[in-house]
Amino acid sequence: MKRWILLFVVVVGLALPQASYAAEQQCFEQTGFCIEGRFLQYWQQNGGLPVFGYPLNKAEDRYNQDSQQTFLTQQFERARFELHPEFAAPYDVLLGRMGDDLLRYRNLDSSMLPRETGSKVDCLWFETTGHNVCNQANGLGFMRYWQSNGLNDPKLDSFGRSLQLFGYPLTDVQMETNANGDTVMTQHFERARFEWHPNQPDQFKVLLGLVGKESQQLRYGEGSSPSNLTMIDSRLFFTADDGVHGQELWVSDGSDAGTRMVKDIRPTGSSNPYRLTAALGQVFFVITTDANDQLWVSDGTEIGTKLVYSFMRPAVEQPAIVDIAAVAGGVIVLGNSIETGIEPWFSNGSSAGTYLIRDINPGPAGSEIKVETCCNYYFAGEFTSMANGLVFMANTGSAGNQLWLSDGSSQNTRQISNFAANNEFVAELERLNDQQIIAAVQQPEAVQIVQIDMATGKQSQLTSHARFYLGTRLIVSAHNLVNIGNKVYYHVVDELNSTLWQVDGQTGASQINLAGYQLKNISNDQNQSQLHLQLLNADRSEAGLWAWDGTKLQQRSGLNIQQLRINGQRIFGISGETSPYRVYANSTSNQTLAYLGSGFHRLANSPAFAQVSRFSTNQGIFLALPSLAHGLELWYSDGSTLRMVKDIRP
């Protein structure tokens, strides 16, 4: 027998012995739970059983993800009550957004669904959400039901009472299959779901879906937490935890069947690969053990996934591999040995082809640059690709911190800078052209912009930008160097302004006119033909994403994009610092970004884009995106669509 026929029997028979009454308490044998106190008053005054249904649990303190506070809460078949004693009655009891919750579970972002073009005849039009509420037949339907029920508050008019009880409509009317398996005409509201049952008696043609009961039965996915996403040719290498093997290396071609674990490297737990680096059509990565950091390589097959070399850790809390970067023929690794400390090594993916390039700081001290902070430290290891190798920073000992160039061979590894001996400075580096590099060198009082000619050794300071204190923090005033079209752009901040500068190799450093906007951020992704900027208005409000082609600004989105990734001609962005995370993209570089879909989380599952290597032939993007049903899993976008690749941890 269908649920709605049972409901008719229940409503008619409320006076029968199925419910027992006590002072300020009403209990129901149907579910075994009671309603009492203020919740019972609210339940009785605002519609009772037909509107709210039976209680499904006892009232208890529960954490609310949206408000991030704890309230006395009770779940009903069609609603969730929250007690807010800080508000006066009747608003001391608030209803959860159960209708919206169920849409979010299906990864439907109600605020981004298509709006209707305008009001319809004989319907209620809601400009706020862009939907009509209409009757279905003979003056009966969703509009009449919405208008006939409402919160018991004499201070509100009829419309206001209904709005407080059900909320705004979130969708158009559409056919959906409900929890009973019936396909019925449905419309979702903030706190309810209306269903049209034309074969029922008039008083039961509109019924409220059991959104509370369905919400209670939802199963939230834990997710495989894809991380270290690295695109190589048409494949993605990443790490994930399927709930059985721990965090291991995976590969995907973008299909469900083509997404698989490469190898269970550590069968007794997680191997936790990290520093995934594309080279030679393979991925190099690091695995840490108690005694060493191991360099591994994989071609995407189990047999082709192997240990290359083990670097001894200098101490339990210190890494033995500081950084890895691709170079022609393999990778350069800043790795440790007892004899030399941390120095540059080369590897072609074989044990025999892995060797120390040069002991830059002779002896066991090592040439790594270790920067101490107030309560921690980090290694300033930045590799910058040039036509003839990689430029990186190294501590030479007597000559202090300098820039070095290496193609992976000892004979072609040399110092290219001649800074005054100083073991304190660090630099951000960017290629200007095949023979010149730009360095933003941090000094105590300023950041110096320096141009170095690697063929002649000529070193020119182009300009400097004063550093300043923001509270107790010393600000790095010039940073985020990006090469576009043999020009280096960078971000400069001072106490009043945030500006864009450029170096062209001919006229020194100069400021770019941003038409009154302030610079918030510069993207720094591979394969860019345009510079992409997050800008602010003069009042520091968000001005959106813009492209700079060297002569003019063009807006790509008015949104505040927290994460940005450019792959070929396509731009991908994620907006939202908290759930929902909205994904946007375009299919060509000159288009504005369009909305593709949303991700939601229950816990702190944040999205992340894949890194795009210069070896990638895939014009789309992989990303880790959270959903309520599946948790943080692997997704893919081609710029026009967004889909989950595989539920790795069902």
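Refer to the preceding data block for the structure.
This is a predicted model, so every value here is computed, not measured.

Enquirer: Could you give an account of the sheet that holds strand β30 (residues 389-395), with specific residues and numbers?
Expert: With antiparallel pairing, the four strands of this open sheet are ordered in space as β29-β30-β31-β32. Across the chains shown, the open sheet's two edge strands, defined by having one partner strand only, are β29 (384-386) and β32 (413-415). On average, each strand axis in the sheet is inclined to that of its neighbour by 35°, with strand direction left out of account. As paired elements, β30 and strand β31 (residues 401-406) share six bridges and run antiparallel to each other.

Enquirer: Give a detailed account of the packing of aromatic side chains, specifying residues and quantitative values.
Expert: Per the counting criterion, the structure on display carries 28 aromatic pairs. Members of the aromatic cluster, joined through ring pairs, are Phe39, Tyr42, Phe52, Phe76 and Phe81.

Enquirer: Just give me the short version of the pattern of salt bridges, but keep the residues and values in it.
Expert: Under the defined criterion, the tally for this structure stands at 22 salt bridges. Note that Glu82 and Arg80 form a salt bridge whose closest N and O atoms lie 3.9 Å from each other. Grouping residues by exposure puts Glu82 and Arg80 together as buried. Ionic pairing is found between Arg97 and Glu190, a salt bridge with its closest N-O pair at 2.2 Å. Of the two residues, Arg97 is situated in the loop between β7 (93-95) and α4 (98-105) and Glu190 in the loop between β12 (183-188) and β13 (193-196); the sequence distance between them amounts to 93 residues.

Enquirer: Please provide a residue-by-residue account of unusual backbone geometry, values included.
Expert: A cis amide bond, omega 5°, links Ala89 with the succeeding residue Pro90. By the element assignment, Pro90 lies in the loop between β6 (80-83) and β7. Of the consecutive residues Ser579 and Pro580, the connecting peptide bond is found in the cis state with omega at 0°. Here Pro580 shows up in the loop between β48 (570-575) and β49 (581-585). Positive phi values are uncommon outside glycine, yet Asn272 reaches one of about 50°. Positive phi outside glycine occurs at Asn486, with the angle close to 60°. Exposure remark for Asn486: the relative accessible area of 41% places this residue in the partly exposed category.

Enquirer: Which residues make up the nonpolar core, and what values do they have?
Expert: With 33 residues, the main nonpolar core has Trp43, Phe52, Phe81, Trp146, Phe166 and Phe194 as its most contacted residues. Of all elements in the fold, only α2 (37-45), α3 (48-52), β7, β8 (123-126), α5 (142-148), α6 (158-166), β13 and β14 (206-208) reach the threshold of two or more residues within this core. The contacts of Phe194, once residues within four sequence positions are left out, are Phe142, Tyr145, Trp146, Phe166, Met185, Thr186, Gln187, Phe189, Leu207 and Leu208. Formed by 24 residues, the second largest nonpolar core is a distinct cluster that contains Leu229, Trp250, Tyr581 and Val583.

Rules used in this analysis
Residues numbered from 1 in each chain as written. Predicted model: local features only at pLDDT ≥ 70, side-chain atom pairs only at ≥ 80, totals over all residues. Heavy atoms only, no water. Pairing = 2+ DSSP bridges. Helix = DSSP H or I, 4+ residues; strand = E, 2+ residues; numbered from the N terminus. Axes fitted to C-alpha atoms, helices over the stretch in contact; angles between N-to-C directions. Phe/Tyr/Trp six-rings, centres within 6.5 Å; stacked < 30°, edge-to-face > 60°. Salt bridge = Lys/Arg side-chain N within 4 Å of Asp/Glu carboxyl O. Buried < 20%, exposed > 50% of the residue type's maximum accessible area, 1.4 Å probe, protein only. Core = buried A, V, L, I, M, F, W, Y, C linked by side-chain atoms within 4.5 Å. Contact = heavy atoms within 4.5 Å.

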